[in-house]
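# Overview (structure and organization)
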Amino acid sequence: MRRGDTPLLKQQSSPCLGRSMSRQFPKLTLSEAEEETQLLAEKVYASALKEEDHTVVSLFTVPEECPISLQQEKEHELLKELAEQQSEESTKRRKSLKMIRSQSMCLQIPVNADWTWSVAVPPFLSSSSTASSVAETCPDYQRVTISGDYCAGITVEDYEQAAKSLFKALLIREKYSKLAYHRFCRTTSQFLRSSENMRWMEEDEVLPDMSPCPNDGEDPYSIEGIPENLNYKLKMKDGIVHVYDNAEALRENNPHDLPYPDLETFAIDLSHVLAMIADGPTKTYCHRRLNFLSSKFHLHEMLNEMAELKELKSVPHRDFYNVRKVDTHIHAAACMSQKHLLTFIQKTYKTDADRVVLEKAGQKMTLQQVFRSLNMDPYDLTVDSLDVHAGRHTFHRFDKFNTKYNPVGASELREIFLKTDNLIGGDYFARIIKEVAHDLEESKYQYAEPRLSIYGSAPEEWHSLSKWFIHHKLYSPNMRWMIQVPRIYDIFRSKKLVPNFAKMLENIFLPLFEATVNPQKHKELHVFLKYVSGFDSVDDESKHSDHMFSFRSPKPEEWTADDNPPYSYYIFHMYANIMVLNNLRKEQGLSTFQFRPHCGEAGSITHLVSAFLTSDNISHGLNLKKSPVLQYLYYLAQVPIAMSPLSNNSLFLEYSKNPLREFLHKGLCVSLSTDDPMQFHYTKEPLMEEYAIAAQLWKLSTCDVCEIARNSVLQSGLPDQEKKHFLGVNYLSDGPEGNDIRCTNVAQIRMAYRHETLCNELSFIVDAVKSEAMNE
């Protein structure tokens, strides 16, 4: 099917992916009419690559607009608005929009005759049922409303163009999210369906499927009840694992009925969003809406802060300390504090000094011999001499930061204490993680998702990791695991470990497919994957790549150069394999995986565009501050962002300049995470340290920090049953209906404000799309 055959909106809208219909990836080809968009996207990409080196040196320190150009832009906008007022066509379109807007406002219904406020009801939902549920869950509060012209300060033409672009981008993300069993905001989906005059239905919703926690007394490592082998055939093709029912299907190239994405379609979809972020009218519209959201929250806070506090005081038992918080971004190799690591090294040396722990240059060494070779005594070590803490000297120096993983600067100690695959089978590393897990279980209300590395240098890595997990019995009810894949193909290629990029992808993903289709042959990996919630893509984002990603990029089998592929190339191929794997596992009744890459910490703004299409949620997201269009899209789609201000403070951005508070006020779905407690924190409870510093520095209220904690549970890979227990049985619903204040300690007033504000922003976009359809 060619892209030009049918309207784009119809091609990219896939509202029925949740039903029993065949799940196929809708492939597109570039039409002549869209070549201009592609060229503009490539210019944006090239411009972003050119600016990478400059942004690394001075992030967010130079004003983005020049006062002279700003004045010229205002004069230009004024002339456009005056010309529009004299245009009959514009007057007609304005009247049409006002009519649709008035119909949209009619959905704001009175809930109770005694109350003076109204609630925005998402389209195509029952007014009576919504009214009753809201009346039960949401108390009265003072709302901020604006009357008058719906698009003051922007022309009708610019408003329609911006709305159409934003609408298209939301449809593209919805398509990619549903195909990969990632979450997509329910409210946003409801508005998208209303624009197509379709009714949103709950069975259309596609959600991740996480394995439940073992019951009390149940063995978490049991290999009983493992499904039988399917004996499907597997083959890597264009960097994506394809599944075949049997050898004959493989010979005939007839793959199993699964969605197989292709690079060209992704590049075309990516180009639409790239072109948007450089579009003047869209940038202006998004900038204005974001400023409005920020100002509106300040008014809401001024009017309702005491009412929210009163709500929280009336909740028995629950407060900030005993609401659930999930550290959704933490690396296992640095999950302990520096003091914890020091104490563990000294304690281990006391009992295991004569244990053989390392093989160096063909010679086996005991722990005592290792320390003697380093000319040090473990009992003389301090946290200062351990030298694992990041500071001012690591700012914008990711190379120096990476050396902090080596205690006292010795790679031998990292090999012994912080690796899963070493001479002692990762014994010490497992013990440290067990101690961290014990601390989490003692705290009861804190959870973590530590990241373990799979590099892709050899397929045996998965077997080794799963064996380590089960042998050392590392399951904890307060932990789920993430797999991080470092973007270091160039290192493997230079060492001749892989012939091309496809081989690295094969080493990462083929064992997962084999464990899914033949679990009896891979029992340990099958058990380990129950407790893996997703995948991450990690490395220094500020590293420059000369290759400009596009539909003309070489296939992974053809990528034989020593250069590292660009970020977007990595992201697409990880997403593509995770998507196919999730559909295969869902078909077999197994758990699915989320894709949650590091993104927007540094480097090009294009990274955030790639993640907007492919990721369930992201870590960092600092560079959203640079692009009002992307920031507004992340808000409209409610893409979760795990932010780590203390980590950023030592690497890329001073704490006072961190945009977390700004994002929270506007309504983006942000949470707090630690990243690397060993490098950035001092206390035994690094996550509480992160919350405490943020609350003190930014004067966050109790409701603010509890809202952040609630977001962390929502974006985590915890199973559905756990989330119901931690957030309330209706947590999948948006607004106050989905919030149980007895569990979350988030005021219903705050939840109602967030939901109504999002509905209002989405209605502006949907109304413009409907108006355009009426005028055609």
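Only a predicted model underlies this, so the values are computations on that prediction, with no experimental measurement involved. (Residues numbered from 1 in each chain as written. Predicted model: local features only at pLDDT ≥ 70, side-chain atom pairs only at ≥ 80, totals over all residues. Heavy atoms only, no water.)

### Remarks on the overall build of the protein
Looking only at helices and strands, the protein has 31 helices and 15 strands in total. Counting across all 776 residues of the protein, residues that qualify as buried make up 60%. The long-range fraction of contacts in the protein, counting pairs at least 24 apart against all pairs at least 6 apart in sequence, stands at 76%. In the structure as shown, the protein presents an accessible area of about 31,700 Å², 51% of it carried by carbon and sulfur atoms. (Helix = DSSP H or I, 4+ residues; strand = E, 2+ residues; numbered from the N terminus. Buried < 20%, exposed > 50% of the residue type's maximum accessible area, 1.4 Å probe, protein only. Contact = heavy atoms within 4.5 Å. Areas by Shrake-Rupley, 256 points an atom, 1.4 Å probe, with all protein chains shown as cover.)

### Some points on helix H28 (residues 702–715)
Relative to the 20 Å expected for 14 residues at 1.5 Å per residue, H28 spans 20 Å between its end C-alpha atoms, a close match to the ideal helical length. Of all 14 residues making up H28, 12 are buried, and the element is well covered by its neighbours. Those residues of H28 that sit buried are Cys703, Asp704, Val705, Cys706, Glu707, Ile708, Ala709, Arg710, Asn711, Ser712, Val713 and Gln715. (Expected span 1.5 Å × (residues − 1).)

### Remarks on unusual backbone geometry
For tyrosine 181, which is not glycine, the phi torsion reads 60 degrees and is therefore positive. With a phi close to 60 degrees, asparagine 745 is a non-glycine residue in the positive phi region. Its place among the elements puts asparagine 745 in the loop between helix H30 (741–744) and helix H31 (748–775).

### Details of the confidence of the model for the protein
A low pLDDT means the predicted coordinates there should not be read in detail. Here the protein averages 85 in pLDDT, while 79% of its residues score no lower than 70. Low pLDDT, under 50, characterises residues 1–22; the predicted model gives this stretch 55 contacts beyond four residues in sequence or across chains. This model gives residues 106–120 a pLDDT under 50, and the stretch forms 32 contacts once residues within four places in sequence are excluded. (pLDDT = per-residue confidence, 0-100.)

### A closer look at the environment of histidine 317
Note on placement: histidine 317 falls in the loop between helix H10 (280–313) and strand S5 (325–331). Separated by 426 residues in sequence, histidine 317 and cysteine 743 have C-alpha atoms that sit 9.5 Å apart. If sequence neighbours within four positions are ignored, histidine 317 has contacts with Asn322 and Tyr445.

### What to know about the sheet that holds strand S10 (residues 532–538)
The 5 strands lie next to each other as S5-S8-S9-S10-S11, forming an open sheet whose pairing is parallel. Whereas interior strands pair on both sides, the edge strands pair on one side only; in this sheet they are S5 and strand S11 (594–595). Pairing geometry for strand S8 (residues 446–453) and strand S9 (residues 481–486), over 3 bridges, is parallel. Across the sheet, residue leucine 452 finds its bridge partner in S9, namely isoleucine 483. Taken strand by strand, H28 contacts S5 and S11, and its axis lies near 65 degrees from that of S5. (Pairing = 2+ DSSP bridges. Axes fitted to C-alpha atoms, helices over the stretch in contact; angles between N-to-C directions.)

### Side note on the packing of helix H21 (residues 567–587) against helix H22 (residues 606–614)
Look at H21 against H22: their axes get within 9 Å of each other, and the N-to-C directions meet at 10 degrees. As the angle between them shows, H21 and H22 are arranged roughly parallel. For the pair formed by H21 and H22, the contact residues are Tyr567, Ser568, Ile571 and Tyr575 on the first element and Thr606, His607, Ser610 and Thr614 on the second. Residues that form the contact of H21 with H22 fall into these classes: 3 nonpolar, 5 polar and no charged. (Parallel < 35°, antiparallel > 145°, perpendicular 65-115°, else oblique. Nonpolar A, V, L, I, M, F, W, Y, C, P; charged D, E, K, R; others polar.)

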